[in-house]
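Chain residues, written in single-letter form:
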Amino acid sequence: MSRPPILSVALPSDTGRVLSIQSHTVQGYVGNKSAVFPLQLLGFDVDPINSVQFSNHTGYPTFRGQVLDGKQLWDLIEGLEENQLLHYTHLLTGYIGSVSFLDTVLKVVDKLRSVNPDLVYVCDPVLGDEGKLYVPQDLISVYQQKVVPVASMLTPNQFEVELLTGLRITSEQEGLTACNKLHSAGPRKVVITSALIEGKLLLIGSHKKTEEQPPDQFKIEIPKIPAYFTGTGDLTTALLLGWSNKYPDNLETAAELAVSSLQALLKRTVEDYKRAGFDPSTSSLEIRLIQSQDDIRNPAVACKAVKYGS
């Protein structure tokens, strides 16, 4: 007598399940390597799709690997759908290198929301930094016209906000105006993760809770650390997603915890490099993610939010 086939069944996640579509490196911490572990520490089931798989990040002299295209991404989504595995509470996206892949990501958003209309889409619109574009120019209009309107939370840096809004940001008020412009296009939560304004490094956050009320807006001054790191933007967005889920109506608290975690991790990274006899100012540093898990799980709040208009 033959045995019946054994079918696999996945339990639902009662703590949240994130589909994270980002880059992957074999060595080092950027993209999914920078985001998945912190989200798991904060209690999420995380399903990563690697938009690229490289030996290491592109700041090294060379790198090798493969790039996923839109058709391959959709193939994975269809595989999940065929097995009724598409119920996600959150979608997280980071660096995307082509219009065709970004168009497929938009199809993924629609598909996931057809399964769970309450899906939270956290989008880090990785376009560039410090005046330098990382992606083809034609991605900007796709983000402006199609991605921003469907995002729940947007986490751009100063340069990316300027690209998305067409506004120059040289003051805090201009940063708040840019947040308001993004709110009017779609997302309820906007966090400018880093803005250098009048010599200060700031995070500027804005949460529009209802259509009728003006948004709650705040800033956090970020202590400058004299070193350059990779993967910090990916980590920041993951931490903002994680803590915002725990404090859905209090973006200030979520941002305080995210920034405080990041600062503790970066300080540890610098100290570890110095201990190894390396001058941290001479090149980009790989973050000490695994060594900082206590600071990710349970950060001491060292960076406080200051509300605007209070």
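Above this note sits the structure.
Presented here is an overview of the structure given in this document. Think of each chain on its own: its residues are numbered from 1, step by step along the sequence as written. In keeping with the predicted nature of the model, local features appear solely for residues at pLDDT of at least 70, side-chain atom pairs appear and are counted solely at 80 or more, and the whole-chain, interface and lining totals rest on all residues. Excluded from the side-chain calculation are hydrogens and water; included are all heavy atoms of the structure.

**A short note on the overall build of the chain**
Okay, so step 1: Helices and strands together make up the secondary structure of the chain, namely nine helices and 14 strands.
Okay, so step 2: For 310 residues, the compact-globule estimate of 2.2 N^0.38 gives 19 Å, and the chain sits close to it at 19 Å.
Okay, so step 3: Oriented by its inertia axes, the alpha-carbon framework of the chain measures out at about 75 × 55 × 40 Å.
Okay, so step 4: The long-range share in the chain, meaning contacts at least 24 apart out of those at least 6 apart in sequence, stands at 69%.
Okay, so step 5: Under the counting rule used here, the positive set is Lys and Arg, the negative set is Asp and Glu, and His together with the chain ends is not counted. In plain terms, the charge of a residue is placed at NZ if it is Lys, CZ if Arg, CG if Asp and CD if Glu. The chain carries 28 positive and 34 negative side-chain charges, and their two centres are separated by 3 Å. By the criteria applied, helices consist of DSSP H or I runs no shorter than four residues and strands consist of E runs no shorter than two, each listed in order from the N terminus. Restricting the calculation to C-alpha atoms gives the radius of gyration, and the globule rule supplies 2.2 Å times the number of residues raised to the power 0.38. Whether two residues touch is decided by their heavy atoms; if any such pair falls within 4.5 Å, the residues are in contact.

**A short note on the nonpolar core**
Okay, so step 1: For our purposes a nonpolar core is just a set of buried Ala, Val, Leu, Ile, Met, Phe, Trp, Tyr and Cys residues, chained together by side-chain atoms within 4.5 Å. Only protein chains enter the accessibility calculation, which uses a 1.4 Å probe. A residue is then buried if its area is under 20% of the maximum for its type, exposed if over 50%, and partly exposed in between. Grouped together as the largest cluster of nonpolar side chains are 44 residues, with contacts concentrated most on L19, L73 and Y143.
Okay, so step 2: In terms of residues, this core owes the most to one element, helix α3 (residues 99-115), which gives seven residues.
Okay, so step 3: In this structure, V18, L203, L257 and L265 belong to the second largest nonpolar core, which totals 39 residues.

**Some words on the environment of D129**
Okay, so step 1: By the secondary structure assignment, D129 is in strand β6 (residues 128-129).
Okay, so step 2: We classify D129 as partly exposed; its relative accessible area is 26%.
Okay, so step 3: Separated by 31 residues in sequence, D129 and E160 place their C-alpha atoms 7.0 Å apart.
Okay, so step 4: Residues contacting D129, with those up to four places away along its chain left out, are Y134, N157 and F159.
Okay, so step 5: Under the rule applied, a polar contact is a pair of N or O atoms within 3.5 Å (in protein, one hydrogen donor and one hydrogen acceptor; residues adjacent in sequence only if both atoms are side-chain atoms). Here N157 takes part through its side chain, which lies 3.4 Å from a polar atom of the side chain of D129.

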